[in-house]
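Close look at the chain arrangement
Listed below are the residues making up each chain.
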Amino acid sequence: MTTSTTSTPHSTGASWAVAPADVGSAESLALLREYFTDVANRYYRLHFDRDGTAEEIETGLAANSSDHLAPPTGVFLLGRYAGEAESCAGLRVLDATTVELTRVYVRPSRRGTGGGTRLLAAVEEAARSLGARRIVLDTRLDLVEARALYTRHGYREIPAYGNSPYAEVWYGKDLVPEQRPGGARADG
């Protein structure tokens with residue numbers, strides 16, 4: 001998969017570039033920690049009217065490894081804005097034609113700059129490179145921004161495909177084969 005860059009309107013003239021990354025790198029681990037802290041704290045605020053404790057966050061991180069987001073079982077993507085790692089997403093291979101989207105995160109300071117859109121475009125490219133024809137994901141109902149992003153980009157609610165205690169809604173998207181110059185499909 002190649003790195004691709006998309007310009008996004010912003011006063012600095014900066015743009016997003018998304019590429020595969022080592023899920024165990026310092027940059028990846030920092031973003032995954034921020035992602036987990038963000039979604040965990042939202043859960044704790046909703047259900048317990050408080051943030052998660054440091055121990056709860058560490059226990060959750062330890063129990064939810066992202067090692068499966070490395071070849072051959074998956075891929076991890078980092079999004080860079082003005083050269084800095086500011087977003088991430090992972091794909092886990094479920095079967096020969098289906099991948100699961102997970103760990104989607106854009107740092108709050110970069111939300112609204114096109115990072116989510118760019119990340120999902122790179123996710124679809126990466127999914128195709130893994131041979132996938134379908135992307136599925138699960139999420140929580142309170143993650144309204146993420147749900148809006150998914151539906152804006154063609155994801156539709158599907159029946160449950162797993163039993164995560166935190167999954168409340170499931171989405172799927174069939175991938176359209178990429179078009180080659182001249183209108184030929186890349187798969188045909």
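Please refer to the structure placed before this passage.
For the structure given in this document, a descriptive report is provided here. From a predicted model like this one, the values you see are computed outputs, not experimental measurements.

Analysis parameters
- Residues numbered from 1 in each chain as written.
- Predicted model: local features only at pLDDT ≥ 70, side-chain atom pairs only at ≥ 80, totals over all residues.
- Heavy atoms only, no water.
- Helix = DSSP H or I, 4+ residues; strand = E, 2+ residues; numbered from the N terminus.
- Buried < 20%, exposed > 50% of the residue type's maximum accessible area, 1.4 Å probe, protein only.
- Contact = heavy atoms within 4.5 Å.
- Areas by Shrake-Rupley, 256 points an atom, 1.4 Å probe, with all protein chains shown as cover.
- 1 Å grid on protein atoms, 1.4 Å probe; cavity = no way out; pocket = protein on both sides within 12 Å on 5 of 7 lines; lining within 4 Å.
- Points joined across faces, edges and corners; volume = space filled by probe spheres on them.
- Core = buried A, V, L, I, M, F, W, Y, C linked by side-chain atoms within 4.5 Å.
- Expected span 1.5 Å × (residues − 1).
- Polar contact = N/O pair within 3.5 Å; in protein donor to acceptor, adjacent residues only side chain to side chain.
- Pairing = 2+ DSSP bridges.

Focus: the overall build of the chain
Looking only at helices and strands, the chain has four helices and eight strands in total. In sequence order, the chain lays out its α and β elements as β-β-α-α-β-β-β-α-β-α-β-β. Across the 188 residues in the chain, those meeting the buried criterion constitute 41%. Considering only residue pairs separated by 6 or more positions, the chain has 59% of its internal contacts joining residues 24 or more positions apart. Surface accessibility of the chain: about 10000 Å² in total, with carbon and sulfur atoms responsible for 52%.

Brief notes about the layout of surface pockets
Estimated volume of the largest pocket: approximately 1300 Å³. Every residue lining the largest pocket is counted, 46 residues in all, and those nearest its centre are Y35, V39, R103, T139 and L143. Listed by contribution, the elements that provide at least two residues to the lining of the largest pocket are α1 (26–48), α2 (54–63), β5 (98–106), α3 (115–129), β6 (134–139) and α4 (144–152). Among the elements that line the lining of the largest pocket, the one with the most residues is α1, at eight residues.

Details of the nonpolar core
In globular proteins that are soluble, nonpolar side chains generally tend to be buried together. Counting 23 residues, the largest nonpolar core has L91, L101, V123, I135, Y150 and Y155 as the members making the most contacts within it. Put simply, the parts of the chain that give this core at least two residues each are β3 (74–81), β4 (84–95), β5, α3, β6, α4 and β8 (169–174). For this core, the element with the most residues is α3, which contributes six residues. Each residue touching L101, except ones within four places of it in the same chain, is listed here: A89, G90, L91, L120, V123, I135, V136, L137, Y150 and Y155. V23, F36, Y44 and Y105 belong to the second largest nonpolar core, which has 16 residues in total.

Let's talk about the environment of V75
Residue placement: V75 occurs in strand β3. With a relative accessible area of 13%, V75 lands in the buried category. Sequence separation between V75 and L130 is 55 residues, and the spatial gap between their C-alpha atoms is 8.7 Å. Not counting the four nearest positions on each side in its chain, V75 is found in contact with P20, L69, A70, A89, G90, L91, A126 and L130.

Remarks on α1
A rise of 1.5 Å per residue sets the reference length of α1, with its 23 residues, at 33 Å; its end C-alpha atoms lie 31 Å apart and thus fit the reference within 8%. Of the positions making up α1, those classed as buried are S28, L31, L32, Y35, F36, V39, A40, N41, R42 and Y44. Residues of α1 that are buried in the fold lie against α2, β3, β4, β5 and α4. Following α1 by one or two positions, D49 has its phi on the positive side, about 60°.

Here we look at the side chain of T102
Tracing the sequence through the fold places T102 in strand β5. At 3.1 Å, the side chain of T102 forms a polar contact with the side chain of R103. Leaving out residues up to four positions away in the same chain, T102 has contacts with L69, A89 and G90.

Things to note about the pairing of β4
Strand direction decides the pairing type here: β3 and β4, joined by eight bridges, are antiparallel. Looking across to β4, one finds that V75 is bridged to L91. As paired strands, β4 and β5 are joined by seven bridges and run antiparallel to one another. If you follow S87 over to β5, its bridge partner there is V106.

As far as function goes, none of this settles anything; it's purely spatial.
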